[in-house]
Amino acid sequence: MPVVETASVFSGIPVGAAMRRQVVSLPATADIGQGIRMMIRYKANAVLLTDNDIPYGVASKTDLLGAFYAEIPSETALGDVMGSQPIACFPDDLVEDALEIMAAAGVHRLYVTGANREEVIGALSYADVVGLLYRYCRACERGTAQKRLKRAGGDPSARLQVKDVMTPEVLACRDSDPLFTVIETLTSHHMGAVIIQDEAASAVGVISKTDLIMAYHHGVAPQAAAAEIMSSPVHAVPAEERLSAAIQQMLITDVQRLFVRGDETGHDPITGVLALSDAARFRSGSCRACTAGRLLVG
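Note that this is a predicted model, so its numbers are computed, not measured. (Residues numbered from 1 in each chain as written. Predicted model: local features only at pLDDT ≥ 70, side-chain atom pairs only at ≥ 80, totals over all residues. Heavy atoms only, no water.)

This part takes up the side chain of D63. Checked against the element boundaries, D63 lands in helix α2 (residues 61-69). One buried charge, D63, has no salt-bridge partner; the nearest side chain with opposite charge is R109, at 7.4 Å. Polar side-chain contacts of D63 include one of 2.9 Å to the backbone nitrogen of S60. Polar side-chain contacts of D63 include one of 3.1 Å to the backbone nitrogen of G83. Sequence-distant contacts of D63, defined by excluding residues within four places in its chain, comprise V58, V81, M82 and G83. (Helix = DSSP H or I, 4+ residues; strand = E, 2+ residues; numbered from the N terminus. Buried < 20%, exposed > 50% of the residue type's maximum accessible area, 1.4 Å probe, protein only. Lys, Arg positive; Asp, Glu negative; His and termini not counted. Salt bridge = Lys/Arg side-chain N within 4 Å of Asp/Glu carboxyl O. Polar contact = N/O pair within 3.5 Å; in protein donor to acceptor, adjacent residues only side chain to side chain. Contact = heavy atoms within 4.5 Å.)

Structural data, given as structure tokens:
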């Protein structure tokens, strides 16, 4: 019988080719305020905590949101609010396998160790994976062929669009809702940002985990209204935008997600959200060439 084999742009690529060597870390005794400053400075979603330079735990933005929600003083040690132990892989492990580990564990990063498991030499996040993905897709001959086909007036339907990969679920809170309601909404749905609506249900802003931890750092109370810290206006891409263009925009602007509208007019309501993790899990940043099944005669 024919055997269906799924091809992937990541096949055979080691973690070492995608990981970043800069690891954001602090002693477990450092306080929450220091952790927030490190996350903002390095645009990181988590800080590796160490005890006598040995990996001890991980404090993520989600952990800090929990501390904000509970009104824990920002002078509290990060080790007291960390949520998990670091999950590690080796530089010669395959990116495909690393993605499976991240999905199964529900984490957005792995720490990379050498022969000495107590020495962290790098980190692999969804952003790193998508950056590698984009470079490969840009150089892909099949992707280049699709571009030539489009210029020649052919059918470019094989080009992936944002709507093919986006998450159709969009979270929303009211601008008058307290920040603790926004935190509850984000953490219960495992999302990174929420749309803020006015009384007419129009999207007037966005609040991300970064906005919330910044508010925590600046002493804003969790009872404050969402309108006080939201980012405005809402920047969104049309659902029919090419996935490669949306990924390029996220990488250049260094954002983790884009909201999606139904069309290019800017008047349609928000219909979905595209995160870097969606693109990484889909294993394609451009077309269907590396996600289509291939028939091999067995």
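Side chains that differ in sign of charge can pair as their charged atoms come close. Applying the stated criterion across every chain yields a total of 2 salt bridges. The salt bridge involving R20 is made with D128; its shortest N-O contact spans 2.6 Å. Here R20, found in the loop between β1 (2-6) and β2 (25-27), pairs with D128, found in helix α4 (residues 126-139); they are 108 residues apart in sequence, far enough to count as distant. Residue classification places R20 among the partly exposed positions, given a relative accessible area of 38%. The exposure class assigned to D128 is buried, which follows from its relative accessible area of 10%. The salt bridge partner of E240 is K163, with a shortest N-O separation of 3.7 Å. Of the two residues, E240 sits in the loop between β11 (236-238) and α9 (243-253) while K163 sits in helix α6 (residues 162-165), which places them 77 residues apart along the sequence.

Any functional reading would require information that these geometric values do not contain.
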